[in-house]
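# An overview of the molecular structure
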Amino acid sequence: MRQGTLLLLTLLLPLLATAAPQWQLEKVVEISRHGVRPPTAANRQEIEAATQRAWPRWSTPDGDLTGHGYSAVVNKGRWQGEHYRQAGLLSAGCPDRQQIYVRASPLQRTRATAQALMDGAFPGCGVPVHYIADAADPLFQSDRFPFAQTSSTQERAAIAARAGDLAALQLRLQPAVQQLKAAVCSSECDVFTRPWQLRQTRSGHTYAEGLSVMASMVETLRLGWSENLPLSELAQGRITSARQISSMLPLLTANYDLSNDVPYLAQKRGSILLDNVIAALEDRPGLPETRWLLLVAHDTNIAMVRTLLNFSWQLSGYARGNIPPGSSLVFERWRDTRTQTPFLRIYFQAQSLDELRQLTPVDQQHPLLRQEWYQQNCHTYAVGTLCPYQSTLQQMKSAVDYHALTAVSWPL
């Protein structure tokens with residue numbers, strides 16, 4: 001009997017070894033944007049002044065996550081929890097701190113988004129959401145701290161160099177400008193005819209006057225569509241399809257190009273977040289020892305990190321570099337179990353405009369839109385595009401401004 005058992009094991013072992021999965025997901029670091037919100041108070045003030053009319057009030061205070069936005073994020077979190085359990089990153093049941101650690105920006109919309117993601121991924125488990133109980137967190141609001149301050153002269157020069165001929169840019173974007181004007185203007189709205197110019201705020205920050213407020217209008221319309229606002233409240237009935245929103249999104253991209261996507265600004269304000277992503281991927285001491293580090297932040301944070309990575313994406317139905325509500329920039333560390341070689345996978349993911357509007361569950365029939373980061377020596381496998389671990393980390397580190405860092409505490 002013993003000889004027969006040994007013979008059977010001898011025959012099965014090669015088959016079991018062959019059946020063992022080649023790829024093991026070891027670590028996830030995710031930077032998520034908050035879900036759908038109404039315009040912030042500052043955005044509302046500028047867009048109402050520019051269009052000379054009141055914009056609709058939503059079901060929540062300006063800037064706060066909506067109930068619809070919460071439900072959309074729960075859909076994404078539910079899929080992520082199932083996906084990471086199937087990948088072996090998470091175990092069944094409620095997680096401990098070694099499986100998931102969540103940190104959110106202090107604002108209501110980010111904290112509520114983090115809770116929605118956890119309610120989706122781990123329903124009924126009460127996973128804690130950590131945040132700094134102050135007005136600002138250096139990880140997400142670095143521009144409010146001395147270590148990340150920019151020179152007003154250098155900032156203006158960097159933005160001016162990126163802008164080039166503003167008049168030519170304004171002319172090139174006229175199709176989007178005219179569509180926006182037709183959607184939001186009931187009177188003259190001379191903001192649509194004035195030349196765009198670079199201006200500086202009292203604090204010394206440079207922005208593109210004209211383009212900036214139009215970007216705020218487009219963002220508000222995009223959020224309203226995602227919120228499933230009645231068409232009469234979205235743009236007085238003038239917008240009836242996601243395609244109309246998509247056609248105006250290049251204005252948002254152009255404004256990103258002249259703000260958070262400027263390398264000088266991204267290095268000063270985004271280095272601290274990228275450095276902590278790298279530290280988490282390396283399992284450096286001082287950071288939470290966890291398999292899934294979820295950071296819930298803002299589109300500005302994602303924009304600055306992607307600029308440092310030189311990562312540009314264009315998802316179906318969105319303009320280049322667009323960062324929809326609930327979308328996320330994801331870093332995964334994988335291991336080839338046959339050679340014990342580590343790899344990195346980096347990608348951006350989001351739901352479509354109509355999926356957000358209709359609260360479509362994320363599943364095989366309705367997968368997240370996704371674009372993967374690629375550099376030389378990356379290769380595509382069954383689990384995605386995997387890049388060499390050490391050289392990719394070194395490339396990421398070379399983008400960090402080590403003078404624009406400060407110590408970050410991690411609440412328990």
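Residues numbered from 1 in each chain as written. Predicted model: local features only at pLDDT ≥ 70, side-chain atom pairs only at ≥ 80, totals over all residues. Heavy atoms only, no water.

## Topic: the pattern of salt bridges
Pairs can form between side chains of opposite charge whenever their charged atoms are close. The full count for this structure, using the stated rule, is 23 salt bridges. Between Glu48 and Arg44 there is a salt bridge whose closest N-O contact spans 3.2 Å. Remark: Arg44 and Glu48 occur in helix H2 (residues 41-51); sequence separation between them is four residues, near one turn of the helix. Assessed through its relative accessible area of 4%, Arg44 is described here as buried. Ionic pairing is found between Asp283 and Arg333, a salt bridge with its closest N-O pair at 3.0 Å. (Salt bridge = Lys/Arg side-chain N within 4 Å of Asp/Glu carboxyl O. Helix = DSSP H or I, 4+ residues; strand = E, 2+ residues; numbered from the N terminus. Buried < 20%, exposed > 50% of the residue type's maximum accessible area, 1.4 Å probe, protein only.)

## Notes on the packing of helix H12 (residues 263-281) against helix H15 (residues 389-398)
Where H12 meets H15, the closest approach of the two axes is 10 Å, and the angle between their N-to-C directions is 160°. By the angle between their axes, H12 is roughly antiparallel relative to H15. The interaxial crossing formed by H12 with H15 has left-handed handedness. Facing H12, whose interface residues are Leu274, Val277, Ile278 and Leu281, H15 presents Tyr389, Leu393, Met396 and Lys397. Residue classes in the contact of H12 with H15 are distributed as seven nonpolar, no polar and one charged. (Axes fitted to C-alpha atoms, helices over the stretch in contact; angles between N-to-C directions. Parallel < 35°, antiparallel > 145°, perpendicular 65-115°, else oblique. Left-handed = near helix turned anticlockwise from the far one by under 90°. Contact = heavy atoms within 4.5 Å. Nonpolar A, V, L, I, M, F, W, Y, C, P; charged D, E, K, R; others polar.)

## Some remarks on the state of the cysteines
Tallying each qualifying case throughout the model produces three disulfides. The partner cysteine of Cys185 in its disulfide is Cys189, sulfur to sulfur 2.1 Å. The sign of the -125° torsion about the S-S bond sets the Cys185-Cys189 disulfide as left-handed. Look at Cys189 and you get buried, because its relative accessible area is 0%. The disulfide partner of Cys378 is Cys387, and the gap between their sulfur atoms is 2.1 Å. What sets the handedness of the Cys378 and Cys387 disulfide is the S-S torsion sign, and at about 110° it is right-handed. Cys387 carries the same exposure label as Cys378, and that label is buried. Sequence-ordered numbering of the disulfide-bonded cysteines in the protein chain gives the connectivity 1-2, 3-4, 5-6. (Disulfide = S-S within 2.5 Å.)

## Here we look at the pairing of strand E7 (residues 341-350)
The buried fraction of E7 amounts to eight of the 10 residues, a majority that puts the element mostly inside the structure. Taking the residues that link successive antiparallel strands as the turn, the strand E6 (residues 328-336)-E7 hairpin has four residues, and the phi of Gln340 there is positive, at about 65°. Looking at chain direction, E7 and strand E10 (residues 384-388) are connected through two bridges and run antiparallel. Among the inter-strand pairings, Phe343 is bridged to a residue of E10, identified as Pro388. Here E7 runs beside strand E8 (residues 369-372); their pairing, made up of four bridges, is antiparallel. Among the inter-strand pairings, Ala350 is bridged to a residue of E8, identified as Leu369. (Pairing = 2+ DSSP bridges.)

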